[in-house]
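Here's the letter readout for the chains.
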Amino acid sequence: PELKPCDIVLITDGEYEFTPEQLEYVLKVKKETQVRIYGIAISDGPGYFNANSLKSFCDQISVVNSLGEIEVLKDLVNKAAMPLMK
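Quick summary incoming for the structure in this document. (Residues numbered from 1 in each chain as written. Predicted model: local features only at pLDDT ≥ 70, side-chain atom pairs only at ≥ 80, totals over all residues. Heavy atoms only, no water.)

**Some remarks on the pattern of salt bridges**
Under the criterion given, the structure shown has three salt bridges. The salt bridge involving Asp7 is made with Arg36; its shortest N-O contact spans 2.7 Å. Taken together, the residues span a long stretch of sequence, with Asp7 in strand S1 (residues 7-12) and Arg36 in strand S2 (residues 36-42) at a distance of 29 residues. (Salt bridge = Lys/Arg side-chain N within 4 Å of Asp/Glu carboxyl O. Helix = DSSP H or I, 4+ residues; strand = E, 2+ residues; numbered from the N terminus.)

**Notes on the nonpolar core**
Ranked by size, the top nonpolar core spans seven residues in total: Val26, Val35, Ile37, Ala41, Leu54, Phe57 and Cys58. With residues up to four places along the chain from it excluded, the contact list for Val26 reads Phe18, Ile37 and Phe57. (Core = buried A, V, L, I, M, F, W, Y, C linked by side-chain atoms within 4.5 Å. Buried < 20%, exposed > 50% of the residue type's maximum accessible area, 1.4 Å probe, protein only. Contact = heavy atoms within 4.5 Å.)

**Looking at helix H1 (residues 20-33)**
With 14 residues, H1 extends 20 Å between its outermost C-alpha atoms, agreeing within 8% with the 20 Å of an ideal straight helix rising 1.5 Å per residue. Restricting attention to buried positions, one finds in H1 the residues Val26, Lys30 and Thr33. All buried residues of H1 fall inside an arc of 85° around its axis, so they share one side. Relative to its buried face, H1 has exposed residues pointing more than 90 degrees away, namely Pro20, Glu21, Glu24, Tyr25, Lys31 and Glu32. Buried positions along H1 lie against S2. Just downstream of H1, Gln34 is the residue with a positive phi angle, here 60°. (Expected span 1.5 Å × (residues − 1). Arc of directions from axis to C-beta.)

Read these as geometric descriptors, not functional statements.
Shown next, in the form of structure tokens:
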């Protein structure tokens, strides 16, 4: 309840896969607290990142192929600043 409402930004290289138990817990907490989760996938290029695990719990996923791609991050910050829809 102390997280309600908030946004979480998860930055990942995609190497880790959530276990079914972890995914179930994240979805439960997300539903109970109404948090929004934004995923940022850092990739070496097209085809290097499999976003399937992020798709199961992220509200939006952005892929950054270069640390210089600041527009992706600006878009994410703007969306996170929007009020939660009830």
